[in-house]
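# Topology and contacts: notes
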Protein chains: 2
Amino acid sequence: MRKVAILGVGQTTIAEQWDKSLKEIGGEAGFAALQDAGVEQVDSLFVANMLSPLVGNQNQLGALLSDWMGLRSREAVKFEAACASGGAAFRAGLMAVASGEIDVALVVGVEKMTDKAGHEVTAALATAADADYEVEEGVSFVGINALVMRRYMHEFGWQHRDFAPFSINSHANAVHNPFARLRHEITPADFDSATMVSSPINLMDASPTGDGAAAVVLVPLEKVTSAGARPAILVAGSASSGDTIAVHSRRDPLFLMAASESARRAYRMAQVEPADIDVFELHDAFTIMAALSLEACGFADRGQGVRLALDGQIGPRGRIPIATRGGLKARGHPVGATGVYQIVEIVQQLRGECGATQVEGARVGMAQNIGGSGATVVTHILTSA
Amino acid sequence: MRKVAILGVGQTTIAEQWDKSLKEIGGEAGFAALQDAGVEQVDSLFVANMLSPLVGNQNQLGALLSDWMGLRSREAVKFEAACASGGAAFRAGLMAVASGEIDVALVVGVEKMTDKAGHEVTAALATAADADYEVEEGVSFVGINALVMRRYMHEFGWQHRDFAPFSINSHANAVHNPFARLRHEITPADFDSATMVSSPINLMDASPTGDGAAAVVLVPLEKVTSAGARPAILVAGSASSGDTIAVHSRRDPLFLMAASESARRAYRMAQVEPADIDVFELHDAFTIMAALSLEACGFADRGQGVRLALDGQIGPRGRIPIATRGGLKARGHPVGATGVYQIVEIVQQLRGECGATQVEGARVGMAQNIGGSGATVVTHILTSA
């Protein structure tokens, strides 16, 4: 396989964008990535989206977006793997370029979630779970995560307030990200007193919805080198793994097997170890998922992900900086787009563009995108080539 | 890129399968393909589906199906490109194996459409069109095709009854396909007197919905040769092209530009010409689409696709046999699965397994899967290696 590099990235603000359609938002990010890459045409368009059939009455987003962007006649397809849609589409673009079949891939993750009422979006998000065995029982997606968090607290002896550092870090970092949804700091008191959503998950444990899109241009590495443009970002590791869709089917509901397996394979492909990772954009849809992801990827022992946060090791100057642009919690979580935002943010770190939340000398970054409660996990490792 | 072969195929009957869930239907086809291939494990699962978020309250079908099939921990992702979902997923599996990233890909197209009322399914199918510019105006998907057919009749001087041979051929062939939805012949009188759906499209112009799944196992060609099993089927050509999603945006609404372009590229890759194609599974969702597809792929001049059918050239012994297993019209059109059914049927032809509708000495087969009204078109050419 050919080595593949990221030539350009783009993103939109995450907000309630009621004045823009799905294609406008996706196009905005796509055009930004093309401009950043300095290319005008692409061979194929890979779109990531989860909710548009349910929230926007729209399917066939590949054709919709390529049409809108003036990329007519190009191959275009949509990927859906719940909240891991972005990572899955990025990986497909990677493979298409690596195979030699195409030379320029544009990956766009786009989601528009705020046009419908909250309960409708909650119902739409529940389609990430098993309709027959979970949703039919009346459990929502946040409800499933709440059950996991409650069990984790019971098993390892943590209190709810011990999870606060995750959200505090995300919010502190988002202040410096102009694209973030929630650009304000929060205090431990804010965390403790937030409105309960599904006990023990309160509003400060949960990531906000939003309308937004992020995009990436992928090309063979040799093309970047010969062009001699800005420093190339190499996709050094890529892996996708799965687990049971229903959490209750797992032998151990407190270990993200697919996260562990996909990270292990990505490490091997990139020839790195957890200690080599300078910055890690993880899938903090809920605080519990941040802890479980850190544990599955080898940054903390079982049940000790929370300890890392309590010890102040997850900030931009900590041992393993996470959510450096605000993460899902404060940058926002436009579900199908999130995996592409993570890639964009790692690129920004490796380019040294992150200002106040820049990780000094970052050379190896990892992004982990999780679909459902760990049923689909896609992990990528990027390096400054 | 490595050459890729089809090692096994599987399919379910297309029917109202109210007693089976989406995963049961998908699993049935998947297991049949694995058994046919003689393999028990796969590296990655590529699922094609269009409607499950809307009709089944279910997303993340990759994880759902890999979990159900006992393929846990494997990579799994869903593809959606309206009715071209199946072709798109097959092409992604092809590229993943061709790249060397994986060795065994399972592609499953699955759709469950009959659990909801007809008007709900009609609304769901309309998500293939442009929500803002077509559906908002009140046009359904069949309505769009009716406008195209009316214009074609006006432009080229055909009568409605001239389209009858397409449906008569499809039904005649389906009688011999045990998996087909409508296994009965129809007469010209049946065609003329059928219930009107959206003038000029009547019930005999339109393909029926249905619940069903089809599956294919892809491996590197050298693996098949060394295993020395049944004759290998080579994927010799593959291409995907796009067009505007809204038909009214096209300079010429009567020419399927994306079908033409993807066929041209697939011919070039396979180093064949239209005259070399022994059997062609085309996308006869409506009779008008069969005519337009024949024209776009070089089998008939503009406006003369109907002539081929009237001249009796589309039957199993004709110049270009189409819909040899019943096509979308009579085998049935479980939308997201259809593209994979087409591949399975070409494999059956190249293996010589089609009995009464076997195309004598078939060595080169083509499958063309169309999403929307020609917005996404995926073309594959298979040969007996």
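Everything discussed here concerns the structure shown above.
What this report covers is the structure whose coordinates are included nearby. Everything numeric here is computed off the predicted structure, so don't read it as measured data.

Before going further, it helps to spend a moment on unusual backbone geometry. P200 of chain A follows S199 of chain A through a cis peptide bond whose omega is 5°. Among the structural elements, P200 of chain A can be located in the loop between β5 (196-198) and β6 (201-202). One non-glycine residue, S73 of chain A, lies in positive phi territory at about 85°. Located in the positive-phi region is Q271 of chain B, a residue other than glycine, with phi close to 55°. Looking at the secondary structure, you find Q271 of chain B in the loop between α10 (257-270) and β9 (279-281).

Right, let's talk about the interface of chain B and chain A for a bit. Reports often express the size of an interface as the amount of accessible area lost when the parts come together. Listed per partner, the contact involves 53 residues of chain B and 53 residues of chain A. When residues of chain B are sorted by the area they lose upon contact with chain A, Q60, E80 and E101 of chain B head the list and together hold 15% of the total. At the boundary of chain B and chain A, one finds 10 salt bridges. Across the pair D132 of chain B and K23 of chain A runs a salt bridge, and its minimum N-O distance is 3.7 Å. For the pair chain B and chain A, the interface holds 28 residue pairs in polar contact (both at pLDDT 80 or more). Broken down by secondary-structure element, the contributors of at least two residues to the side of chain B that touches chain A are α2 (52-55), α3 (61-68), β3 (75-80), α4 (85-98) and β8 (233-242) of chain B. If one sorts the elements of the side of chain B that touches chain A by residue count, β3 of chain B sits on top with six residues. Here the residues of the side of chain B that touches chain A are counted per class, giving 23 nonpolar, 18 polar and 12 charged. Looking at chain direction, strand β3 (residues 75-80) of chain A and β3 of chain B are connected through three bridges and run antiparallel. If you follow K78 of chain A over to β3 of chain B, its bridge partner there is E80 of chain B.

For the rest of this paragraph, the subject is the pairing of strand β10 (residues 364-371) of chain A. Residues and elements named next belong to chain A. For β10, the buried fraction is high: eight of the eight residues fall into the buried class. Across the two faces of β10 the burial is the same, with V364, M366, Q368 and I370 and G365, A367, N369 and G371 all buried. Examined bridge by bridge, strand β9 (residues 279-281) and β10 share three bridges and lie parallel to one another. Note that in β10 the partner of F280 across the bridge is M366. In the sheet, β10 pairs with strand β11 (residues 376-384) via eight bridges, with the strands oriented antiparallel. Counted as the bridge partner of I370 is V377 from β11. A loop of four residues connects β10 with β11, the two strands running antiparallel in sequence, and G372 in this loop sits at a positive phi of about 65°.

Helical periodicity: at 3.6 residues per turn, an α-helix aligns residues three or four positions apart in one direction. Residue and element names in this part refer to chain A. Compared with an ideal rise of 1.5 Å per residue, which puts 16 residues at 22 Å, helix α1 (residues 22-37) spans 23 Å between its outermost C-alpha atoms and is within 8% of the ideal. Three or more residues of α1 are buried, namely L22, K23, I25, G26, G27, A29, G30, A33, L34 and A37. Just downstream of α1, G38 is the residue with a positive phi angle, here 75°.

What counts and what doesn't
- Residues numbered from 1 in each chain as written.
- Chains lettered and ligands numbered in written order.
- Predicted model: local features only at pLDDT ≥ 70, side-chain atom pairs only at ≥ 80, totals over all residues.
- Heavy atoms only, no water.
- Helix = DSSP H or I, 4+ residues; strand = E, 2+ residues; numbered from the N terminus.
- Contact = heavy atoms within 4.5 Å.
- Buried area = accessible area lost by both parts, 1.4 Å probe.
- Salt bridge = Lys/Arg side-chain N within 4 Å of Asp/Glu carboxyl O.
- Polar contact = N/O pair within 3.5 Å; in protein donor to acceptor, adjacent residues only side chain to side chain.
- Nonpolar A, V, L, I, M, F, W, Y, C, P; charged D, E, K, R; others polar.
- Pairing = 2+ DSSP bridges.
- Buried < 20%, exposed > 50% of the residue type's maximum accessible area, 1.4 Å probe, protein only.
- Expected span 1.5 Å × (residues − 1).

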